[in-house]
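One letter stands for each residue in the lines below.
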Amino acid sequence: MQPKNENDLQVLDLRHSIEEKIHEKLNSNGLGEWIAGDLGPGGANMLFEVTEWEKSIQLIMDILNQESLLDKSLIMKRLNTAEDDWNYEIIYPIDYNGVFNQM
């Protein structure tokens, strides 16, 4: 998420709240769980491990939309080429042409 808020504590609280909502929905539907999150210069990062990508992405996008955060979010899918490789494919927005740090 890339909220337009300069207060790190507010962004951290928002991240925790959204992580919890997404985790609960994924978990209750047997689709996955929250595994990590951080706060960096580009915004708040949330990592989820999912079992069914297409069902999970719709659920996640619905929650972000309900919270008016979808238009401030990037959604990536990790490309598992190696255990220690952290490369991502941007899934949403499809036409994103900004900068994203792959880690």
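Structure shown above.
What you see is a predicted model; the values in this text were computed from it and never measured.

Thoughts on the nonpolar core
Ile22, Leu26, Leu59, Ile60, Leu64 and Ile75 are the most contacted members of the largest nonpolar core, which totals 14 residues. Among the elements of the structure, α1 (8-28) and α2 (53-66) are those that each provide at least two residues to this core. Broken down by element, this core gets its largest block of residues, 6 residues, from α2. Once residues within four sequence positions are removed from consideration, isoleucine 75 is found in contact with Trp53, Ile57, Ile60, Met61, Leu64, Leu70, Glu89, Ile90, Ile91 and Tyr92.

Brief notes about the pattern of salt bridges
Working definition: two side chains of opposite charge can pair if their charged atoms are close together. By the definition in use, this model includes 4 salt bridges. For lysine 21, the salt bridge identified is with glutamate 67, shortest N-O distance 2.6 Å. With a gap of 46 residues between them, lysine 21 in helix α1 and glutamate 67 in the loop between α2 and β3 (75-79) connect regions that are remote in the sequence. Overall, the relative accessible area of 35% leaves lysine 21 in the partly exposed class. Taking relative accessible area as the criterion, glutamate 67 reaches 31% and is therefore assigned partly exposed. Among the salt bridges present, the one from lysine 55 reaches glutamate 52, with a minimum N-O distance of 3.2 Å. Classification of lysine 55 as exposed rests on a relative accessible area of 53%. Given the relative accessible area of 36%, glutamate 52 is considered partly exposed.

Quick notes on α2
Given a rise of 1.5 Å per residue, 14 residues ought to cover 20 Å, and the 20 Å separating the end C-alpha atoms of α2 matches this to within 8%. Buried residues of α2: Ser56, Ile57, Leu59, Ile60, Met61, Ile63 and Leu64, and no others.

Scoring rules and cut-offs
Residues numbered from 1 in each chain as written. Predicted model: local features only at pLDDT ≥ 70, side-chain atom pairs only at ≥ 80, totals over all residues. Heavy atoms only, no water. Core = buried A, V, L, I, M, F, W, Y, C linked by side-chain atoms within 4.5 Å. Buried < 20%, exposed > 50% of the residue type's maximum accessible area, 1.4 Å probe, protein only. Helix = DSSP H or I, 4+ residues; strand = E, 2+ residues; numbered from the N terminus. Contact = heavy atoms within 4.5 Å. Salt bridge = Lys/Arg side-chain N within 4 Å of Asp/Glu carboxyl O. Expected span 1.5 Å × (residues − 1).

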